[in-house]
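# Observations on the model geometry
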Amino acid sequence: MNANVVAGQQPGVAGVSRHPAGPEPWRDPSRPAADRAADLLARMTLAEKLAQLSSAWLSGPADGDGVAPLQGEFSGDLPPFGELISAGLGQLTRVFGTSPVRPAEGAAQLAALQAQIMRCSRFEIPAIAHEECLTGFATWMATAFPTPLAWGASFDPELVREMAAAIGHSMRSAGVHQGLAPVLDVARDPRWGRVEETIGADPYLVGVVGTAYVQGLQSAGVIATLKHFAGYSGSAAGRNMAPVNIGPREFADVFLPPFEMAIREGGARAVMHSYAAVDGVPAAADRGLHDRVLRDELGFDGAIVSDYYGISFLETLHGVAGSPAQAAALALRAGIDVELPNGRCYGEPLAAAVRAGEVPADLIDRAAGRVLRQKIELGLLDPGAARPPEPGPDLEFDPPGHRLLARRLAERSIVLLANGSGALPLPPAGRVAVIGPLAADPLAFFGCYTFPRHVGPAHPEAGLGVTVTPLVTALRDELPGARIEYARGCDARGQDQSGTAAAVECARAADTVIAVLGDEAGLFGRGSSGEGCDASDLRLPGVQAELLDELVGTGRPVILVLITGRPYAIGSAAGQLAAALQAFFPGQEGGGALAGVLSGRVVPSGKLPMELPLLVSAEQPTYLASPLAARSSVSSVDPTPLFPFGHGLSYTTFGYSDLSVRAEPGDPAGPRGARAVIPTDGTAMIACTVRNTGDVAGAEVVQLYLRDPVAQAVRPARYLAGFARVPLGPGESRRVTFRLHADRTAFHGVSGARVVEAGLIEVGIGASSADLRLHGTVELLGPERTVGADRVLSTPAAVLDLAGQ
């Protein structure tokens, strides 16, 4: 990696000689990064090493409401910036992402700060500048892409990789080196406010799409940060930062695989710890989690950063430390290399503990060595790397190409839930009532980590910073021959129903009603979805369910458009709708994308990355659960979802045929139609033909599921093992082949080891987890295998045109 950092003149540090440019090994780019880091570390004082473990948030806490948990409690008692950087600095926190700043101005500010930091560093070491980038570069005037739950709904890792590369290029052009994304938490309880930040409820989907994001971001020279390691999304009752009470098998088989894939296949260079305590041990203090699991088992060799104030929380929230110094000692022993967003614990408290002999100096060396290696890998210590051309005044974070990417991803993420009456696409003319709190709101499409939602509320004078077309406006542009009327009906939150009567009157005068309902993203209770915005049940927020019932009661055909950060139970109206669409915060291009789907210009192809519940009291989804979690005679509660994982319709139809399940050529067993026999270290080739049987072009997401009916530990009723997005013209067919290695059936057995067992594996291919059109089996023969770091993590899919088309 190379870095964009601006340096100034470098005066010496009193009492310590400055090393001139010369033959020192740490300056030689031809040497291995580890060797360069070790050489530089040996030349540094304790103060210089400690400085590399700390960070500074110049503008934080943010003006107005906080953007990190309990941010206001840690805003004081920190030294001035000049004192903080007297021996250097590890990281700079969110120079762009704390208050509105124009691109060129922000780049100039960052360059000036780096020059100041380097003047204080005897070795001219710049800081790593990090920013949030979950839905795009989280700064003013930057493209706001769809939220990660929409990435999952797209089932399109290639497009996510392209998006991440675009985000990375914007960040790198501004001098930013590290992005705090992706979130690899597997969604478990839809009541959790941060579900919108997850990619979905299946570890394989999360792993594949998250790895693509890592590859894209790091291809632009920006470090990706995997978060939140690990188990964070398993918090009790879906409450943010609540204790996590899960067993070791669920932890290993559900929560860890996405991180393993992003590390082994994506090459991720940074990890952020979780806030949560798993079985009573906070992640920031869990040495076994980071040393044994993350580094030894998953193979990670990069740097671990704290979540914001996560080390302080060991003292103030978890109660496992009695002081900042004790919290620092616990975190450092646990392998946390850098404290973010500032140095409350890793600053003077840690320095005093080292001087007093309470913290071994070799722990400082270990962490500082990792930070230095990261900076070397970024190119920050290469000769001349700190003096690139300054960004020009035309620096742009929302170019047309980025907006086009945002539109494409938004379009592919929209899920057609139902269309039983053929109400969609809309006719080009007629009277349409567009009703609901999100119909005319430009903020409707933005998740909690977009700049307008994250920081914008504290700076209303700045505006959104990007152009956004609300859905009602986009629909008028899309259907110029239709008469489109609008009524708000109610707020997204709150209990005011004074607008219901006008909305009902508007609906009765229309041929078709479009109800646009959903979430208002925010932070820490300032929204219905987002960090710290958890839900007690899965009713639509406020009085939106009541509004929907009133609209359905008019007798007019009602098309529901949900724009949310989590799946909701839509109640008794579900069976009375003419059609329904689901969009998970589709970003700034969401209005045009939704209007395109409603009009038919865009043929929907999204699939649900989480099931939509039937019951408002639903907690954990039935998908990925054991058979006893489904409907059965032993319980009076039927948890069957309204729409299952992987569900999504189209304006065309697709047929599945010609299933083939055979051993890979060269394996001992040969092809046997829809059944293959392979060794426990073998590979099965599973193929089918998919045909567009309708009249319009469309794309089908072909999904491969496995079931292990007899195993030494209870296994899921089915789980996603592979998928492929297949575009097809009318009448067109393609052959899809999945290469399934036996390792993809591995799970943690009763011994605690990950094993591949001999036995029968049921194979299903279809359009969703509940719509499997083709069925076969793979029989595994041979001894039980324990699999480790070299296990196969992915199921490659090949899509081929059929001859003669």
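Look a little higher up for the structure.
Residues numbered from 1 in each chain as written. Predicted model: local features only at pLDDT ≥ 70, side-chain atom pairs only at ≥ 80, totals over all residues. Heavy atoms only, no water.

## A word on a nonpolar patch on the surface
A cluster of nonpolar side chains, contributed by L614, L615 and V637, occupies part of the molecular surface with about 240 Å² of accessible area. Locating V637 in the fold gives a position in the loop between α20 (590-599) and β16 (654-663). (Patch = residues over 30% accessible without salt bridge, like charges linked within 9 Å, V, L, I, M, F, W, Y side chains within 5 Å. Areas by Shrake-Rupley, 256 points an atom, 1.4 Å probe, with all protein chains shown as cover. Salt bridge = Lys/Arg side-chain N within 4 Å of Asp/Glu carboxyl O. Helix = DSSP H or I, 4+ residues; strand = E, 2+ residues; numbered from the N terminus.)

## Structural notes on the packing of aromatic side chains
One pass over the structure, following the stated rule, counts 16 aromatic pairs. Ring centres 5.0 Å apart and planes at 10 degrees place the aromatic pair W151 and Y213 in the stacked group. Note that W151 is positioned in helix α5 (residues 148-154) and Y213 in helix α7 (residues 203-219), a separation of 62 residues in sequence. The structure contains a cluster of three or more aromatic residues connected by ring pairs, namely F155, Y204, Y623, F645, Y705 and F723. (Phe/Tyr/Trp six-rings, centres within 6.5 Å; stacked < 30°, edge-to-face > 60°.)

## Side note on the environment of P103
Relative to the elements of secondary structure, P103 occurs in helix α4 (residues 103-120). With near-sequence residues (within four places) excluded, P103 lies in contact with F96, M141, L395 and F397. (Contact = heavy atoms within 4.5 Å.)

## Quick notes on unusual backbone geometry
Look at the link from K227 to H228: it is a cis peptide, with omega at 5 degrees. P425 follows L424 through a cis peptide bond whose omega is 0 degrees. By the element assignment, P425 lies in the loop between β10 (415-418) and β11 (430-435). A positive phi angle, near 45 degrees, is found at F155, a position not held by glycine. Considering the arrangement of structural elements, one finds F155 in the loop between α5 and α6 (157-173). The exposure class of F155 is buried, given its relative accessible area of 1%. (Buried < 20%, exposed > 50% of the residue type's maximum accessible area, 1.4 Å probe, protein only.)

## Notes on the sheet that holds strand β14 (residues 558-564)
Read across the open sheet, the 6 strands follow the order β10-β15-β14-β13-β11-β12; overall the sheet is mixed. Pairing within the sheet leaves two strands with one partner each, and these edge strands are β10 and β12 (482-487). Recorded for the sheet is a direction-independent mean angle of 20 degrees between the axes of neighbouring strands. Where β14 meets strand β15 (residues 579-584), 6 bridges bridge the pair, whose relative direction is parallel. What sits directly across from T564, in β15, is F584. (Pairing = 2+ DSSP bridges. Axes fitted to C-alpha atoms, helices over the stretch in contact; angles between N-to-C directions.)

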